[in-house]
Structure formats: C-alpha cells, structure tokens
Amino acid sequence: MNLQLFALAFFDGIAYAALVFLVAVGLTLIFGVLRVLNVAHGSFYAMGAYATASTVGAIVAAGYSPWLAFPMMIIASALIGGLIGGPVEKLLLRRIYDMEEVLQILVTFAVFMILEDVQRLVWGVQPYFESSALMVLGTVDVLGITYTAYQLILLPVVAILVLVGLRIFLRHTLSGKLILAVTEDREAATAIGVNVDRVYLVTFVVGASLAAFGGALASATTSVIPGMGADMIVLSFAVVATAGLGRIEGAAITALLIGLGRSFAVYLAPELDVLVPYLIMLAVLLVRPEGLFGMAHTRKI
Amino acid sequence: MLEFRDVTVTLGGVRVLRDVSFLINTSDTVALIGANGAGKTTTLRSIMGFTHMTGEIRFLREDITKLPPAKRPGLGIGYAAEDRRLFSAFTVEENILMPAQVARLTAQETTRRLGRVYTILPELKEMAGRPAGSVSGGQGKMVALGRALMIGTRLIMLDEPFQGLAPALARRYAEALRTLRDHDPDVTLIITESNPGLLRRFADRALVVERGEMREGSLAEDAPDPLHPASPATTP
Ligand SMILES: Nc1ncnc2c1ncn2[C@@H]1O[C@H](COP(=O)(O)OP(=O)(O)O)[C@@H](O)[C@H]1O
Ligand SMILES: [Mg+2]
C-alpha cells in the first residue's frame, strides 16, 4: 500500500467516522436514559437525509444560493427530531419502558418499519442526489491527493464541535445535568424532583436530531435511497456496543476505529469491507464484554 | 403531618406491607425499626411514590397517594436512600445544589439553604469541589444527607444512615442530626434502623415494622429490645 492509497483510506475513514459518530452518539444518549435499544434510530438518519436532499434540491432548483444547504441541514434535522421523534417517544415508546427487553426491541423495530413506509410515502423510492453543499466547498490537495473539503475538513470539524457541544450541554446546562442524573440513577433523580418523563422526551428529541443531522450531512456525499437507515443502525449498534453503552467520548473514538477499519478494508481486503466493523466489535467484546469504555459493574436501573 | 391509611404494598407477588396505618406529627423524630427485609425501605419508598400501593397516604392533610413522585420533593420532603446514590458526574456541591435547581429556587433562597446545609454539615464545605464519585462511602452518606436537607424543609427521611459507617463517622452523623434538630425544631424526621439502640438518644418515638405490620414501639433504655424480646429460657 503506497502513501497515496494509505492517505486516501485514512481520509475516507475519518469522513465516514464523523457521520457514524453523530448517529451512534444519539443512540447511546437515548439508551443511557431510556434503557431501550432503539432500532428506529436509523429511520431518523434516513429521514434527515431525505428531508435535506429534497429541500436543498428545491432551493437550488429555484435559483437560490447553494450555501443555504448548510442552514437547511440544521433546520431539517431539528424538525425531524422534534416533529417525528417527539411524538414517537411520547405516544409510542413511553408505553414500553416497563416491558421486557425483547418486547421493547420488537416495538422499536415496528416503529422502524412504520417510518420506512412513511419515507416511501413522502419521498418515493427513486434515489435523491443533491451534492450542492459538497461542491460549494471545493477541494483541497493533501499529500498529492485531491479530496473534497466537505469530507476532509467540514465533517470531522462538525463531529468534534458536536462532541464538545454535547459535553458542555450535559455538564453545564440544567437539562443536560438532568439527563446525566437520570442516566445514572432514575429513582434518585426522581427523589430530588426531576420529572423523568420530560427528561426522556428531551433526550429522545436530542438523540433523534443528532441521527437526522448525520443523515443531513451524509446526503451531500451519497445517493439517498431506501434502506440507508437500516445500514446505519446496524453500524451504529456496532459502535455503541464496542464503546460500551452510554459512553459519549467512547462512541467518538470507537466510531473512528470502526470508520478507519472499514475504509482500510475497502482498499486492502474489499471482500471483507462490510464485515470489518463486526469483526472489530467481536474482538473487543471477547476481551472486554463491557465494551472499550464501559464500566465493569452494571448500573442499577 | 404524615398519615398512612390501610397502606398495602405488594412486591413481586409478596405483600410487603399489610394494611399499615399510622400518624406522625410535625416535628416528631421517629425511629422506624425493623429487621432486614421487614419493610422499612418499602415504607419510605411508598412515601416517595416509588411503589404500587393501595390505601392512602396523606401529607399535611392532603391525599398524596396519586401525586406523581417527581412532585413530592417539592412539598418539602427530603429523602436519603439506603445506598448513597450520588450523581458521580458532578461535584459534591453540584449534587447538593441540584434539588434547588430542579425546584427553580431563587438564587437567594438557594444560598440560604446551602448555608443551612453547611452549618449543619461543615465538613461538606471542605469537599465541595470534589467529584462525588471520589468520596468514600461514609462521606457519601454525609453528602446524601446534605442533599436531602436542601429540599427537606418539612420532612426528612433517612434510610439506615448509620449502616456501614465507621464509629467516628457515625458519631459525627448523629451530632449533625442533633444540630439539625436544634437549628430546625419544626422539621419532621423519620430514620430507619435495624438496631434500635442507635436511635435511643434522639428519637422521641418508635414505629416497629414486623412481618408487614406496623406497631408502636418503645425506645426507653429499659424497654425490651423490640426486635429481640428477652428469651423465656432464663425463667426457672
Ligand atoms: N423489587 C422487589 N421484588 C420483590 N420483593 C421485594 C422487592 N423489594 C423488596 N422486596 C422484599 O420486600 C421485603 C421488604 O423489603 P425492604 O422494605 O427493603 O426491607 P428493609 O428496608 O426493612 O430491609 C423484603 O422481604 C424484600 O425481600
Ligand atoms: Mg432497607
């Protein structure tokens, strides 16, 4: 493998890891508070992508500036998280918190299927491709390779900003502190007056918006097609399980590990590329069943 | 100020409390005595709204049976659970302040209450900046007491506070409770304990829970140990 191929695999991996991180961190945040493995999380990724690709396409076709794609991504993800994520938690998931895990996963899987149909209904089955945001940022030359600034610079920077922003939100705002408190001990939080129902809702909307934001950013780099949500949920499950459930910084490092692992596999052993994330997960979990950053003891629910 | 009327709690198919009724008056210091597994924690958790129960619980003459658990601390009820249950992501002081933030108290009221906590538990001031995850088990119980004092303006419930405390810390804890009494004569205290001897000196009333039933007990020095009545073997 020469230097250029190495660099190419490295850049691909970082760009991919940034997207995976956004989705996985939302998933881990939701799991930490709700204690539900939310299969429907992938739908928010897909809907964020569809909503962004379709609206940006319309904006650009109407002759407006392609720079509008960036604010559109944020607006689309907040709307998907709030208008779809909010009701999903309040009307559906709220009923299943006392159920057995297997039933919970089945219910979130049903939500996933329903949201897949909603996507088909709203956006049809034809692919959307809308890369104005990618084009408008141009390219950069590094190590003799020409790479898009969008993927090489914007995506990693956004991922780091989200990581730092999330940390500040969780540690220094009241809503964030309450999320951490409920994650650690639901009953002790209630005993100091925390309205756990509201914390669940806020967490779910934030987590779903992060997944939608991952999809919004991804939409500029790839065709938006049916089934993209399923691919992403499986991958972010791998990240979250490898990192240890409920760990935010761990999700970032693990996303990087799995993103890089996958993109190097594309160049070195293409037949393994889809398998690599799971091989990494398997290897980690065999050695550390609680995950790379998980705590050895199980927390009380 | 607190009344149980025919409270029955069933946990995992077992009736842990059976038709329990009692009345506690304002400014009482009540020792809730019972062996391990008798139902002390279940009694306190029912007051917090954490159990499925039948019957009625009244607080300050209001029926609170159906009041959502998150609204109960706002009535002035502070609860320190059996295990210390601090939030390890935050400092000791952040843990103590959190109930005030949740209740959206004014800065002035928050400062006043924090001052009260530090008057009663001056040692907390020294560890204010430490991560709550790093304090020892005994110190953690002090922090949990401080956090309960922050909201417990009317009723403070402490679940086996002396359990696992080193003797010196246990004395310190008892001293803090006496300071609280002097400082705040109107607050009502419920302290659970499996060893009644420990509470003899500052409780003024004992409730004994045994096999799911609650009865009045005595704390007098010469009273028989309510849990271990003198064995009849000594009679000739
Ligand atoms: N979640 C539960 N499911 C079934 N039984 C329980 C549960 N929690 C407590 N118990 C039982 O209820 C009884 C009373 O428990 P508890 O109130 O914790 O007692 P204490 O605090 O007096 O030691 C015990 O026998 C215990 O085994
Ligand atoms: Mg107990």
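Residues numbered from 1 in each chain as written. Chains lettered and ligands numbered in written order. Predicted model: local features only at pLDDT ≥ 70, side-chain atom pairs only at ≥ 80, totals over all residues. Heavy atoms only, no water.

The name an unreviewed UniProt entry assigns to chain B is ATP-binding cassette domain-containing protein, from the organism Acuticoccus mangrovi. In its Sequence similarities (unreviewed entry) section, the UniProt entry covering chain B states "Belongs to the ABC transporter superfamily." (UniProt positions renumbered as here; feature names shortened; annotations may be inferred.)

Under the annotation held in an unreviewed UniProt entry, chain A carries the name Branched-chain amino acid ABC transporter permease and is attributed to Acuticoccus mangrovi. The heading Sequence similarities (unreviewed entry) in the UniProt record of chain A holds the text "Belongs to the binding-protein-dependent transport system permease family. LivHM subfamily." Per its UniProt entry, chain A bears the Subcellular location (unreviewed entry) comment "Cell membrane".

Student: What is the right way to read the sheet that holds strand β4 (residues 53-59) of chain B from this model?
Tutor: Backbone hydrogen bonds hold the strands of a sheet together, and the pairing may be parallel or antiparallel. Residue and element names in this part refer to chain B. In spatial order, the strands read β2-β1-β4-β5; together these four strands make up an open sheet with antiparallel pairing. Strands at the two margins of the open sheet, each flanked by one partner only, are β2 (14-24) and β5 (62-63). Helix α1 (residues 40-48) rests against β1 (2-11), β2 and β4 of the sheet, and its axis sits at about 110 degrees to β1. (Pairing = 2+ DSSP bridges. Helix = DSSP H or I, 4+ residues; strand = E, 2+ residues; numbered from the N terminus. Contact = heavy atoms within 4.5 Å. Axes fitted to C-alpha atoms, helices over the stretch in contact; angles between N-to-C directions.)

Student: Where do I start with the packing of aromatic side chains in this structure?
Tutor: Pairs of aromatic rings are described using the distance from one ring centre to the other and the angle between the two planes. Residue and element names in this part refer to chain A. One pass over the structure, following the stated rule, counts 13 aromatic pairs over all chains. Ring centres of Y50 and W123 lie 5.2 Å apart, and the angle between their planes is 10 degrees; on these two criteria the pair is classed as stacked. Taken together, the residues Y50 in helix α2 (residues 41-61) and W123 in helix α4 (residues 101-123) connect sequence positions 73 residues apart. The two residues Y50 and W123 agree in class, both being buried. Ring plane angle 85 degrees and centroid distance 4.9 Å describe the contact between Y97 and Y200, whose orientation is recorded as edge-to-face. Here Y97 is found in the loop between α3 (69-92) and α4, whereas its partner Y200 is found in helix α9 (residues 196-218), with 103 residues between them in sequence. Among the aromatic residues, ring-to-ring pairing joins F6, F10, F11, Y147 and F264 into one connected group. In this structure, R262 is placed above the aromatic ring of Y16, and the distance from its NZ or CZ to the ring centre is 4.2 Å. (Phe/Tyr/Trp six-rings, centres within 6.5 Å; stacked < 30°, edge-to-face > 60°. Buried < 20%, exposed > 50% of the residue type's maximum accessible area, 1.4 Å probe, protein only. Lys NZ or Arg CZ within 6 Å of the ring centre and 35° of its normal.)

Student: Sorry, what's going on with the site of ligand 1 here?
Tutor: Residues and elements named next belong to chain B. Every residue near ligand 1 is listed here: L11, G12, V16, A35, N36, G37, A38, G39, K40, T41 and T42. In this structure, G39 approaches ligand 1 through a main-chain N or O atom, which is 2.9 Å from an oxygen atom. One nitrogen or oxygen atom from the main chain of K40 is found 2.8 Å from an oxygen atom belonging to ligand 1. Protein coverage of the free-state accessible area of ligand 1, which is 550 Å², stands at 58%. When residues in the shell around ligand 1 are grouped by element, the largest group, three residues, is from α1. (Near = heavy atom within 4 Å. Polar contact = N/O pair within 3.5 Å; in protein donor to acceptor, adjacent residues only side chain to side chain. Areas by Shrake-Rupley, 256 points an atom, 1.4 Å probe, with all protein chains shown as cover.)

Student: In this structure, what is going on with empty space enclosed by the protein? I would like to understand it.
Tutor: Space left empty within the atom packing is revealed by a probe, the size of a water molecule, rolled over the atoms. Here the structure, examined in full by the defined rule, presents five cavities of 30 Å³ or more. Surrounding the largest cavity, E187, A188, A191 and I192 of chain A together with F50, Y79, A80, A81, R84, R85, A144 and R147 of chain B form its lining. Elements represented by at least two residues in the lining of the largest cavity include exactly α8 (186-191) of chain A together with β6 (77-80) and α5 (137-151) of chain B. With three residues, the top contributor of residues to the lining of the largest cavity is α8 of chain A. In terms of residue class, the lining of the largest cavity is made up of eight nonpolar, no polar and four charged. Quantified by volume, the second largest cavity comes out at close to 60 Å³. As for the second largest cavity, its lining consists of A80, A81, E82, D83, R84, K141, A144, L158, D159, P161 and Y173 of chain B. Partitioned by chemical class, the residues of the lining of the second largest cavity number six nonpolar, no polar and five charged. (1 Å grid on protein atoms, 1.4 Å probe; cavity = no way out; pocket = protein on both sides within 12 Å on 5 of 7 lines; lining within 4 Å. Points joined across faces, edges and corners; volume = space filled by probe spheres on them. Nonpolar A, V, L, I, M, F, W, Y, C, P; charged D, E, K, R; others polar.)

Student: Before we go on, may I ask you to explain the interface of chain A and chain B in this structure?
Tutor: It is common to give the size of an interface as the accessible area that goes away when the parts come together. Contacts between chain A and chain B engage 19 residues on the former and 22 residues on the latter. Approximately 1900 Å² of surface area, both sides summed, lies buried where chain A meets chain B, with 61% of it carried by carbon and sulfur atoms. At the junction of chain A and chain B, the tally comes to four salt bridges. Put simply, the parts of the chain that give the side of chain A that touches chain B at least two residues each are α6 (149-172), α7 (174-184) and α8 of chain A. Element by element, the count of residues in the side of chain A that touches chain B is highest for α7 of chain A, at six residues. Considered class by class, the residues forming the side of chain A that touches chain B number ten nonpolar, three polar and six charged. (Buried area = accessible area lost by both parts, 1.4 Å probe. Salt bridge = Lys/Arg side-chain N within 4 Å of Asp/Glu carboxyl O.)

Student: Any chance you could explain the coordination of the magnesium ion (ligand 2) here in plain terms?
Tutor: Note on metal sites: the ideal angle is 109.5 degrees for four tetrahedral donors, and 90 or 180 degrees for six octahedral donors. Residue and element names in this part refer to chain B. For the magnesium ion (ligand 2), the protein coordination sphere consists of T41 (OG1) and E82 (OE), at 1.9 to 2.5 Å. With a gap of 41 residues between them, T41 in helix α1 and E82 in the loop between β6 and α2 (92-102) connect regions that are remote in the sequence. Assessed through its relative accessible area of 22%, T41 is described here as partly exposed. (Donors = N, O, S within 2.8 Å, 3.2 Å for Na, K, Ca; no water.)

Student: What's the story with the pairing of strand β2 (residues 145-148) of chain A in this structure? I'm lost.
Tutor: Side chains on a regular strand alternate between the two faces of the sheet. Residues and elements named next belong to chain A. Alignment of strand β1 (residues 139-142) against β2, held across four bridges, turns out to be antiparallel. By the bridge assignment, V140 is partnered in β2 with Y147. The antiparallel pairing of β1 with β2 creates a hairpin that spans two residues between the two strands, and L143 there sits at a positive phi of about 50 degrees.

Student: Even after reading the chapter, I still don't get the side chain of R35 of chain A, so can you show me in this structure?
Tutor: Residues and elements named next belong to chain A. Relative to the helices and strands, R35 resides in the loop between α1 (3-34) and α2. Comment: no salt bridge for buried R35; closest opposite-charge side chain is E101, at 8.6 Å. Only 3.0 Å separates the side chain of R35 from the backbone oxygen of T183, close enough to count as a polar contact. (Lys, Arg positive; Asp, Glu negative; His and termini not counted.)

Student: Hey, could you run me through the nonpolar core in this one?
Tutor: Generally speaking, soluble globular proteins have nonpolar side chains that are buried together. Grouped together as the largest cluster of nonpolar side chains are 96 residues, with contacts concentrated most on F21, M73, Y150 and L217 of chain A. Considering every element that reaches this core, the biggest residue donor is α1 of chain A, with 14 residues. Apart from residues lying up to four places away in sequence, F21 of chain A is in contact with A159, V162, L163, I248, A251, A252 and A255 of chain A. Of all hydrophobic cores here, the second largest spans 44 residues; its members include M127, L165, V187 and F202 of chain B. (Core = buried A, V, L, I, M, F, W, Y, C linked by side-chain atoms within 4.5 Å.)

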